[in-house]
Amino acid sequence: MSLTLPASAERDNEDAIARADGIGVVVDGAGIPAELRRGCTHTVAWYSHALADAFCARLEDRGTPMRDALAGAIAEVTARHAGTCTFEGGSPSATVAAWRVDGAEVEHLVLCDASIVLRDVSGRTWEITDDRIEHSVERRTRELLSARTGRTEASPDELAALRWRALEECRNAPDGFWCAQTDPEVAAEALVGRQTIVGTSAVIAASDGGTRGFQLVDAHDLRAFARRAECGGLAALAAEIRSGEEHLRDRSDFDGKIHDDLTIVVGSFG
């Protein structure tokens, strides 16, 4: 089961799904806007879809570790646009979540703030994600603000500019966060694990737009998300997320995007 929706009908979906027998891949594309990029003409949507397909194809060989499959996929996509693009001025990047059935076990991989959600037959549910992006960007933003102004507060426009700079400085850097872009070695930073299928009820890969319901807008909690995703209630979950996102307009402490691309891929063993 899977579902992917763009943030709005007027824009490309920068999330991507790839499926194969016993495999689910979610890639959440990101990157600086096209008008600010220099040297790379490819869109974020092109990058996320190309990476999802290349990663999924490599995962079909169960003898290839998931990190190695991701590294190979990043190298392949980099080669596809290296001949026409330069990357010094920026290029699309992405976060990744994937699961793969391997015999009697199910494996998972997470790179950056996409998520894997696991549910066992008793109903116990847990999320695997990498929150280094949140902490490193916030820390660097505070450092830049203090160095620039000597203050701890700034106007919304100034703060947005500093956060963008902090994001760029922290991406794929020591003490920062790691995501797919052009360097295959970042795959070594991905979180991986495995558990037996016996006792596992469901494994879910999701973009951060797909986990907003329990991470950001309180539309449902983690256990309800996993239970209903396992049962095929993806459209209803998405509707709850979209409804909850509308309330973000009224939050004075929120300066991000109101709606996000939303993607969920479910493997059910129940």
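Structure shown above.
Residues numbered from 1 in each chain as written. Predicted model: local features only at pLDDT ≥ 70, side-chain atom pairs only at ≥ 80, totals over all residues. Heavy atoms only, no water.

**Brief notes about the packing of aromatic side chains**
Part 1 of the reasoning: Counted under the stated rule, the structure contains 1 aromatic pair.
Part 2 of the reasoning: The side chain of Arg124 reaches across the aromatic face of Trp126, ending 4.2 Å from its centre. (Phe/Tyr/Trp six-rings, centres within 6.5 Å; stacked < 30°, edge-to-face > 60°. Lys NZ or Arg CZ within 6 Å of the ring centre and 35° of its normal.)

**Topic: the layout of surface pockets**
Part 1 of the reasoning: Taken as a whole, the largest pocket encloses approximately 1,800 Å³ of empty space.
Part 2 of the reasoning: Where the lining of the largest pocket is concerned, the elements lending two or more residues are strand 3 (23–30), strand 4 (93–102), helix 3 (132–149), helix 4 (156–170) and helix 5 (212–215).
Part 3 of the reasoning: No other element matches the 6 residues that helix 4 contributes to the lining of the largest pocket.
Part 4 of the reasoning: Its residues assigned to classes, the lining of the largest pocket shows 16 nonpolar, 10 polar and 20 charged. (1 Å grid on protein atoms, 1.4 Å probe; cavity = no way out; pocket = protein on both sides within 12 Å on 5 of 7 lines; lining within 4 Å. Points joined across faces, edges and corners; volume = space filled by probe spheres on them. Helix = DSSP H or I, 4+ residues; strand = E, 2+ residues; numbered from the N terminus. Nonpolar A, V, L, I, M, F, W, Y, C, P; charged D, E, K, R; others polar.)

**Quick look at helix 7 (residues 234–246)**
At 3.6 residues per turn, the α-helix brings residues three or four places apart onto the same side.
Part 1 of the reasoning: Over its 13 residues, helix 7 runs 19 Å from end to end, which matches the ideal 18 Å to within 8%, given 1.5 Å per residue.
Part 2 of the reasoning: Residues of helix 7 that are buried include every one of Leu234, Leu237, Ala238, Ile241, Arg242, Gly244 and Glu245, and no others. The buried side chains of helix 7 occupy one side of the element, clustering within an arc of 165° when seen end-on.
Part 3 of the reasoning: The inward-facing, buried residues of helix 7 contact strand 1 (2–5), helix 5, helix 6 (222–230) and strand 10 (262–268). (Expected span 1.5 Å × (residues − 1). Buried < 20%, exposed > 50% of the residue type's maximum accessible area, 1.4 Å probe, protein only. Arc of directions from axis to C-beta. Contact = heavy atoms within 4.5 Å.)

**Things to note about the pattern of salt bridges**
Part 1 of the reasoning: As enumerated under the stated definition, the model contains 21 salt bridges in all.
Part 2 of the reasoning: Between Arg132 and Asp130 there is a salt bridge, with the nearest N and O atoms lying 2.7 Å from each other.
Part 3 of the reasoning: On the basis of relative accessible area, Asp130 is assigned to the buried category, the value being 7%.
Part 4 of the reasoning: Salt bridges linked by common partners bring Arg100, Asp102, Glu105, Glu107 and Arg194 together as one network. (Salt bridge = Lys/Arg side-chain N within 4 Å of Asp/Glu carboxyl O.)

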